[in-house]
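One-letter residues, chain by chain:
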Amino acid sequence: MTRSASTTTAVLACALAAPHALAQTYSVTDLGRIPGFGFSTVGRAINNHGQVVGSVQNAGTLAFSWTEATGIVALPAPPHPSGQYSSALDVNNLGHIVGTAGFDDGYNVFGWVYRRGQHTMLGTLPGQNGSRPLAINDLGEIVGIATAASGLGQRKWFYYSEATGMVESPPGWEFRDISNQGVVAGSFNGIAATLNLRTNEVRTFGTLPGSFSDGSFAQSINESGDVCGDSLNRTSSTTLYTGFVAGPEMPIFALGTTANGSRDEAWAINEFGQVCGESLFSSSSAGIAWVWTPGVGLTPIIDMVENPENYIYFGQANAINDHGMIVARGSKASGLDPSRRTFLLRPLVPVFDCPADLTTAASPMAPGFAVPDGTLTNEDFFYYLLQFNEQNLAAADLTTTAIPGGPGYGVPDGVLSNEDFFYYLAIFAAGC
């Protein structure tokens, strides 16, 4: 069910009143490796169909996509002279991916969007060297950084769509995420804020009180307008971070820490107010990945998984979707290949449990797009048609055969065919 901003805010407020409510338990899936890239796997984003994107690393980097049916696969090289190096940074609910080409040294990277098997290079702003797209919404609107060869200090922030091309953000604005409603999350003059690009409405959230009041920025936004991000403490030698949540009707408040980390960073928020992030204690430490849940509070992921003895640590939680699935980096225990990997964590009790219920609304511009609502309507059917037309395997690849009882019935096979379409018709007719 789609919730209004006021409803979501009320749920967030419950976290302060009920910090000891029961937490979820998660199963853990190792996303695996791509041959020749065994040093590290970094998952960056996940959509509501469980598709994960990121990069694998060895001497260089290579962008990947992972789904239940295909496993981990390398994306084709972007059409750029530096395309032998690539990273995927975000994916929307239609399976459109944004990322960069080039060896990532902070600014010599070149942005792209990957749709229906084709790359489009994004270009950059006048006077800039390259670009780093940070987020893409379901309308294909993209925000990010236009980089400069002279370094990060000269970077600019941009908005991109097929209609407008790349446009620089208004003065003072940083653009880090964008919702389907066209609301950009980031900061204005160094303070966490959102800007509605449709109406020009601005919301500022301030900073946390006390020592973390030297600035702030919003890192992620959900469709209700709630944001998570970091409030800053700039010392003489470094900048310290602590994570926060804020909303249109709720003042900024701190998420807490796992053990007084020097950097407690909030990375992503879903429609149900859950936030994931990490706590770092030094530049050399692995950190502690965590999830913050309304009514529960902040919990280290290692304390929430099945068979925790199989893992040395979970050090970074980068993304969470509206089904509560979390993308986290970590390491298996000794004897189980302890190199750095990316894991997909899935709640043992599903948030939604009706296979044909895919969405509340079939239009990306409507509230509830890609968020099930517990009922079957024509919106679900037309949403599936949209995903089928977009050739989005993560959403539309449902089966190997449409014949009940046949081999592979209800098992995705990594191929989109009429079998998938007729299978969806069957489960849609069966109801929830």
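Right above here is the structure, for reference.
A few points on the structure.

Conventions used here
- Residues numbered from 1 in each chain as written.
- Predicted model: local features only at pLDDT ≥ 70, side-chain atom pairs only at ≥ 80, totals over all residues.
- Heavy atoms only, no water.
- Pairing = 2+ DSSP bridges.
- Helix = DSSP H or I, 4+ residues; strand = E, 2+ residues; numbered from the N terminus.
- Axes fitted to C-alpha atoms, helices over the stretch in contact; angles between N-to-C directions.
- Expected span 1.5 Å × (residues − 1).
- Contact = heavy atoms within 4.5 Å.
- Buried < 20%, exposed > 50% of the residue type's maximum accessible area, 1.4 Å probe, protein only.
- Polar contact = N/O pair within 3.5 Å; in protein donor to acceptor, adjacent residues only side chain to side chain.
- Salt bridge = Lys/Arg side-chain N within 4 Å of Asp/Glu carboxyl O.
- Core = buried A, V, L, I, M, F, W, Y, C linked by side-chain atoms within 4.5 Å.

1. A few points about the sheet that holds strand 15 (residues 183-188)
Sheets are built from strands paired through backbone hydrogen bonds, the pairs being either parallel or antiparallel. One open sheet accounts for 4 strands, arranged 14-15-16-17; its pairing is antiparallel. Sheet topology places strand 14 (173-178) and strand 17 (202-206) at the edges, where each strand pairs with a single neighbour. Going from strand to strand, the sheet's axes swing by 25 degrees on average, the running direction of each strand aside. Two elements, strand 15 and strand 16 (residues 191-196), share 6 bridges in a ladder whose sense is antiparallel. Its bridge partner lying in strand 16, Val184 is registered against Leu195.

2. Here we look at the sheet that holds strand 13 (residues 165-168)
The strand order 10-11-12-13 describes an open sheet built from 4 strands, whose pairing is antiparallel. Strands at the two margins of the open sheet, each flanked by one partner only, are strand 10 (130-136) and strand 13. Strand after strand, the sheet turns through a mean of 30 degrees between neighbouring axes, direction not considered. Sheet topology places strand 11 (residues 142-147) next to strand 12 (residues 156-161); 5 bridges connect them, and they run antiparallel. Directly across from Val143, in strand 12, lies its bridge partner Tyr159.

3. Considerations on helix 4 (residues 418-430)
Counting along an α-helix, one turn takes 3.6 residues, and residues three or four places apart therefore face a common direction. Its 13 residues give helix 4 an end-to-end C-alpha distance of 19 Å, which sits within 8% of 18 Å, the value for a rise of 1.5 Å per residue. Against the buried residues of helix 4 lie helix 2 (378-389) and helix 3 (393-396).

4. A short note on the side chain of Ser220
Tracing the chain through its elements places Ser220 in strand 18 (residues 216-221). You can call Ser220 buried: its relative accessible area is 7%. Among the polar contacts listed, one links the side chain of Ser220 to the backbone nitrogen of Ile269, at a separation of 3.2 Å.

5. Comments concerning the pattern of salt bridges
As enumerated under the stated definition, the model contains 9 salt bridges in all. The residue Lys332 makes a salt bridge to Asp30 at a minimum N-O spacing of 3.0 Å. Placement of Lys332 in strand 27 (residues 326-332) and of Asp30 in strand 1 (residues 26-30) is noted, with a sequence separation of 302 residues between them. We note a salt bridge from Glu201 to Arg203, for which the minimum N-O separation is 3.2 Å. Members of the salt-bridge network, linked through shared partners, are Asp30, Lys332 and Arg341.

6. Regarding the nonpolar core
One finds Ile301, Phe314, Ala317, Ile326 and Leu345 to be the most contacted residues of the largest nonpolar core, which totals 16 residues. Of all the secondary-structure elements, those providing two or more residues to this core are strand 24 (288-293), strand 26 (311-320), strand 27 and strand 28 (340-347). By residue number, the principal contributor to this core is strand 26, which donates 4 residues. Other than its neighbours up to four places away in sequence, Leu345 contacts Tyr26, Ser27, Val28, Ile301, Val305, Phe314, Gly324, Met325, Ile326 and Ala328. In this structure, Val56, Phe64, Met325 and Leu344 belong to the second largest nonpolar core, which totals 14 residues.

Read these as layout, nothing more, since geometry by itself doesn't imply function.
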